[in-house]
Amino acid sequence: LLVATAAASLAMIAAATAISAALRSFASVSAASEDGTRRVLMLAALEEDLACAAPLAAIPFAGENDAMAFARLISPSRSDGDAAVAIVRWSRDAAGVMVRTLTHPGADAPPAIERFVPAPVFRLAYAGARVPPSETLEWTDAWTGETPPGLVRATVGDLVVEAAVMPANFALPRKERP
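Residues numbered from 1 in each chain as written. Predicted model: local features only at pLDDT ≥ 70, side-chain atom pairs only at ≥ 80, totals over all residues. Heavy atoms only, no water.

**A short note on the packing of aromatic side chains**
Any pair of aromatic rings gets described here by the distance separating the centres and the angle formed by the planes. Counted only if it meets this: Side-chain rings of Phe, Tyr and Trp (the six-membered ring for Trp) are treated as a pair once their centres are within 6.5 Å; stacked means planes under 30 degrees apart, edge-to-face means over 60, and tilted covers the remaining angles. Under the scheme applied here, a residue whose accessible area is under 20% of the maximum for its type counts as buried, over 50% as exposed, and between as partly exposed, the area being computed with a 1.4 Å probe on protein chains only.
Counted according to the given criterion, the structure contains 3 aromatic pairs. On the numbers, 5.3 Å between centres and 15° between planes, the contact of Phe 61 with Phe 70 is stacked. Note on accessibility: Phe 61 and Phe 70 belong to one class, buried. Since its relative accessible area comes to 3%, Phe 61 is described here as buried. A network of ring pairs unites the aromatic residues Phe 61, Phe 70 and Tyr 126 as a single cluster.

Shown next as structure tokens:
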């Protein structure tokens, strides 16, 4: 009887260990999937920002291999039809978390800060028109100037996206002012 009880106890411990390992494995796969989804959402936000870039002399495009800042237009509100200019900055904080900061110049409102997942790899590269013109597309780690690059390549972990910089890709409504 004692041997049977010991054997049953060992079998229960083995079963509990197997269940625990399976739950840890499931949690790990689930977390990896969630991080992947968050990275895709981050890249979608980055693409949207680049699609609404606004080349303004007062706010030049500044890009490095790990951060960038530029002016963008925020689509017109339904109430007044006016578009707003904002400065968007993409960077990493000290913990490696991707941070998107949206500031409205001249507004009293604090900047809107959006945090994404820590990225094991985050790298930006830029390509666009150069003087003198080149026949091939050349990628560089930095871009500065009033004219934004034509393309930005963002690498986040194992995801790579090449996004076109489309200065103000939405039409502004014409509205008569009194």
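Now that the structure is up, let's keep going.
**What to know about the sheet that holds strand E8 (residues 151–156)**
The following threshold applies: What makes two strands pair is DSSP finding at least two bridges between them. Here a helix means four or more residues in a row that DSSP labels H or I, a strand means two or more in a row labelled E, and each is numbered from the N terminus. Axes here refer to lines fitted to C-alpha atoms; in helices the fit is confined to the stretch in contact. Angles between the N-to-C directions go from 0 to 180 degrees.
Spatially, E6-E8-E9 is the arrangement adopted by the 3 strands of the open sheet, whose pairing is antiparallel. For this open sheet the edge positions go to strand E6 (122–127) and strand E9 (159–164), each flanked by a neighbour on one side alone. Adjacent strand axes in the sheet meet at a mean angle of 15° when their direction is disregarded. As judged from the 6 bridges shared by E8 and E9, these two strands associate in the antiparallel manner. Of the residues in E9, the one forming a bridge with Val 152 is Ala 163.

**Here we look at the sheet that holds strand E7 (residues 143–145)**
Ordered by their spatial adjacency, 6 strands build an open sheet running E5-E4-E3-E2-E1-E7, and the pairing between neighbours is antiparallel. Edge positions in the open sheet fall to strand E5 (112–118) and E7, since each of these has one partner strand only. Looking at each pair of strands side by side, their axes are set apart by 25° on average, direction ignored. By the bridge criterion, 2 bridges tie strand E1 (residues 61–63) to strand E2 (residues 68–74) in an arrangement that is antiparallel. Within E2, the position partnered with Ala 62 by the bridge is Ala 69.

**Points about the side chain of Asp 49**
The line we're drawing: The term polar contact refers here to a pair of N or O atoms within 3.5 Å; inside protein, the definition further demands a hydrogen-donor-capable atom paired with an acceptor-capable atom, and it admits residues adjacent in sequence only when both atoms are side-chain atoms.
You can see Asp 49 is positioned in helix H1 (residues 2–51). Asp 49 sits in the buried class, given a relative accessible area of 0%. Within the structure, the side chain of Asp 49 is placed 2.9 Å from the side chain of Trp 90, a separation counted as a polar contact.

From the geometry alone we can't say anything about function, so treat these as descriptive.
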